[in-house]
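As a plain string of letters, each chain reads:
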Amino acid sequence: MRKYFMSFIDFSEVINITSDPIQTEQALKRMSELEILDQKGKPNPTNIKNLANDTVPAFLDKLNRRVRNRFGGVNSINKTFVKLYRNQELIGFYLYLTFWYGLIEWQVPESTRLLPADPEALQLFYNEFMVIFDQFLKENDLGSEAVSQDENNSSNF
């Protein structure tokens, strides 16, 4: 019997949350190589936005297909992401995202896996993620728990 709603998560997907200083340095170096961080070590908002635009829509589409027949579907998942967003739970967001990647049987993309090593970069990704998720819900007529633009652009995580 297939366990259709079982999520598989690899340690490599959460290593940058539970990492030591050496692992964090390696992650930051790799983020620089991927131009997620600029030459000064600051997050590159344009590249993070591109990262989100490249990865999040396909993730949401697959997630929606996987949970569409479950009570609440993808909209209930969005409500939890909104709650985490409003409570400024960056690590909670990342772990919840990792859980859903595991459920759709995908690994978290390397560039996204690196983000917990730099909280500011993770915050920028989360902001973009929420915008894309809201657009996805509207485009698919699934309702919305939109986070206001003022909240979405805030940097007070």
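In this convention, every chain numbers its residues from 1, walking through the sequence in written order. For this predicted model, a pLDDT threshold of at least 70 governs which residues receive local features, and a threshold of 80 or more governs which side-chain atom pairs are given and counted, while totals over whole chains, interfaces and linings are taken from all residues. With hydrogens and water stripped out, all remaining heavy atoms of the structure feed into the side-chain values.

1. Notes on the nonpolar core
(1) Moving on: Among buried residues, those of type Ala, Val, Leu, Ile, Met, Phe, Trp, Tyr and Cys that are joined through side-chain atoms within 4.5 Å constitute a nonpolar core. For the exposure calls, accessible area comes from a 1.4 Å probe over protein chains only, and a residue counts as buried if that area is under 20% of its type's maximum, exposed if over 50%, partly exposed in between. Counting residues in hydrophobic clusters, the biggest one holds 43 residues, and the most contacted among them are Phe81, Phe125 and Phe129.
(2) Moving on: Strands are runs of DSSP state E lasting at least 2 residues, helices are runs of H or I lasting at least 4, and numbering of each runs from the N terminus. Of all the secondary structure elements, the ones that give two or more residues to this core are α1 (21–33), α2 (45–67), α3 (73–86), α4 (90–103) and α6 (119–139).
(3) Moving on: Tallying contributions element by element places α6 first for this core, with ten residues.

2. Some remarks on the packing of aromatic side chains
(1) Moving on: Centres within 6.5 Å make a pair out of two Phe, Tyr or Trp rings, where for Trp the six-membered ring is used; the pair is then stacked when the planes are under 30 degrees apart, edge-to-face when over 60, and tilted otherwise. Evaluated as defined, the whole model comprises 14 aromatic pairs.
(2) Moving on: Seen in terms of ring centroids, Phe93 and Phe125 are 6.3 Å apart; in terms of plane orientation they differ by 45°. Their pairing is tilted. Placement of Phe93 in helix α4 and of Phe125 in helix α6 is noted, with a sequence separation of 32 residues between them. Like Phe93, the residue Phe125 is buried in the burial classification.
(3) Moving on: Taking 6.4 Å as the distance between ring centres and 35° as the angle between the ring planes, the aromatic pair formed by Phe125 and Phe129 counts as tilted. Taken together, the positions of Phe125 and Phe129, both in helix α6 and four residues apart, correspond to about one turn of that helix. The burial state of Phe125 is the same as that of Phe129; both residues are buried.
(4) Moving on: Each residue in the set Phe59, Phe81, Tyr85, Phe93, Tyr96, Phe99, Trp100, Tyr101, Phe125, Tyr126, Phe129 and Phe133 is aromatic and connected to the rest through ring pairs, giving one cluster.

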